[in-house]
Amino acid sequence: MISKILLVLGVIVLSLALRSFRNSVIHRLGTLGIFVASFLAGWLFTDNIIVGVLFALSWFALPWLEILTRVRALRLPAERTLTHCSPPPRNTFPGLHELTDEIEEQGFEHLSDSSWSWDDHRQFFRLFHNPKDRQQASICLVEQSDLAFYYVTVSCRDAKGNMWMTWNYPFSYGLKFLPQLKINRINGESGFDEILENHHMFIESQKIETEQLLLQTVEETEANIQSDLRDQIQHNIKLGLLKREGENSIRYSVRGMFFLWLQFVRDFVRFS
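One structure accompanies this document, and this report is about it.

Right, let's talk about the overall build of the protein chain for a bit. The secondary structure content of the protein chain amounts to eight helices and 10 strands. Looking at the protein chain as a whole, 43% of its 272 residues qualify as buried. Expressed as a percentage of contacts within the protein chain between residues at least 6 apart in sequence, the contacts between residues at least 24 apart total 54%. Accessible surface, the protein chain as shown: approximately 15,400 Å² in total, 59% of it carbon and sulfur.

Take a look at the structure:
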């Protein structure tokens, strides 16, 4: 029995050591070692290979704890109204001013600060535009219970409603995108200059000329964001990922919870 415990502990220690390396291949070997240790724990202590396999696969069931406890009870507004607001304090978003300077150095002008909130959810937007290239940029801070993160976007759209967006959103997105929205996702640690350069290459690959793009005012930019939020909700209701809860709120359906689980698994594999 002691030899079995030592074997499992040895594999765990080796796996954690491998995961401390920055090399992605070695890091992933460390993740694989965690699965092997879980399999060995189930197999060696029960003499049943099936139990070992179930132990290893149990890691993929962990997201359901979050889904069944928090997401299942989650209610969100069916209509998200943006309102002008003051920026979050420095202790909430310490890098906001530096990131703003970085964006403005690339020729973008600060348009406005807006947000929407619901219970313990809040999303802050700082909007920019570049009239010369007819592009918009935004800094988005998401606050949800004890979780907070930000991401940056660069986008443009044409008169037909098509939109192209490059962003460094750190997770797999929890809803389906609108069909007319084309997403170019890059590394979450990328600086704004990298995001902008990637967006230019993305637009070139789509064979989009500047003359085809809309030049939007502050009011139009804000109205488009709010319209996109509303249309995305409706799109996901039609797909069955969301369903209405009364007149003014929505929640994830069973199908939507399975979609979230797949997104969690995708992130688990990507970050492993």
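After presenting the structure, the write-up continues.
Below, the discussion takes up the sheet that holds strand S9 (residues 242-245). If you walk across this open sheet you meet the three strands as S1-S10-S9, and the pairing is antiparallel. Only two strands of the sheet have a single neighbouring strand rather than two, namely strand S1 (76-77) and S9. Of the strand pairs in this sheet, S9 and strand S10 (residues 249-252) are connected by four bridges, and their pairing is antiparallel. The partner of Glu 245 across the bridge, within S10, is Ser 249. Here helix H7 (residues 218-239) sits on the sheet in contact with S9 and S10, set at roughly 105° to S9.

Examined against the element boundaries, Leu 214 turns out to sit in the loop between helix H6 (192-205) and H7. Assessed through its relative accessible area of 31%, Leu 214 is described here as partly exposed. Between the alpha carbons of Leu 214 and Asp 133 there is a distance of 9.7 Å; along the sequence they are 81 residues apart. Beyond its immediate sequence surroundings of up to four residues, Leu 214 is in contact with Arg 134, Gln 136, Arg 157, Asp 158 and Ala 159.

Before going further, it helps to spend a moment on the environment of Arg 122. Here Arg 122 is to be found in strand S4 (residues 121-130). The exposure class assigned to Arg 122 is partly exposed, which follows from its relative accessible area of 25%. Taking the C-alpha atoms as reference points, Arg 122 and Gln 144, 22 residues apart in sequence, are found 6.5 Å from one another. Apart from the residues lying within four places of it in its own chain, the contact partners of Arg 122 are Cys 85, Ser 86, Pro 88, Ser 115, Trp 116, Ser 117, Leu 141, Val 142 and Glu 143.

What follows covers the packing of aromatic side chains. Taken as a whole, this structure holds 14 aromatic pairs when the rule is applied. Their ring planes at 85° and their centres at 5.6 Å tell us that Phe 108 and Phe 192 sit as a pair that is edge-to-face. Of this pair, Phe 108 sits in the loop between helix H5 (96-104) and strand S3 (109-118) while Phe 192 sits in helix H6, and the two are 84 residues apart along the sequence. An identical accessibility class is assigned to Phe 108 and Phe 192; each is buried. Centroid distance Tyr 151 to Trp 167: 5.4 Å. Interplanar angle 85°. Geometry classified as edge-to-face.

Moving on, we come to the pairing of S10. Burial of the side chains of S10 extends over both faces: Ser 249 and Arg 251 are buried on one face and Ile 250 and Tyr 252 on the other. Hairpin geometry of S9 and S10 is characterised by an intervening segment of three residues between the two adjacent antiparallel strands and by a positive phi of about 80° at Gly 246.

Calculation rules
Residues numbered from 1 in each chain as written. Predicted model: local features only at pLDDT ≥ 70, side-chain atom pairs only at ≥ 80, totals over all residues. Heavy atoms only, no water. Helix = DSSP H or I, 4+ residues; strand = E, 2+ residues; numbered from the N terminus. Buried < 20%, exposed > 50% of the residue type's maximum accessible area, 1.4 Å probe, protein only. Contact = heavy atoms within 4.5 Å. Areas by Shrake-Rupley, 256 points an atom, 1.4 Å probe, with all protein chains shown as cover. Pairing = 2+ DSSP bridges. Axes fitted to C-alpha atoms, helices over the stretch in contact; angles between N-to-C directions. Phe/Tyr/Trp six-rings, centres within 6.5 Å; stacked < 30°, edge-to-face > 60°.

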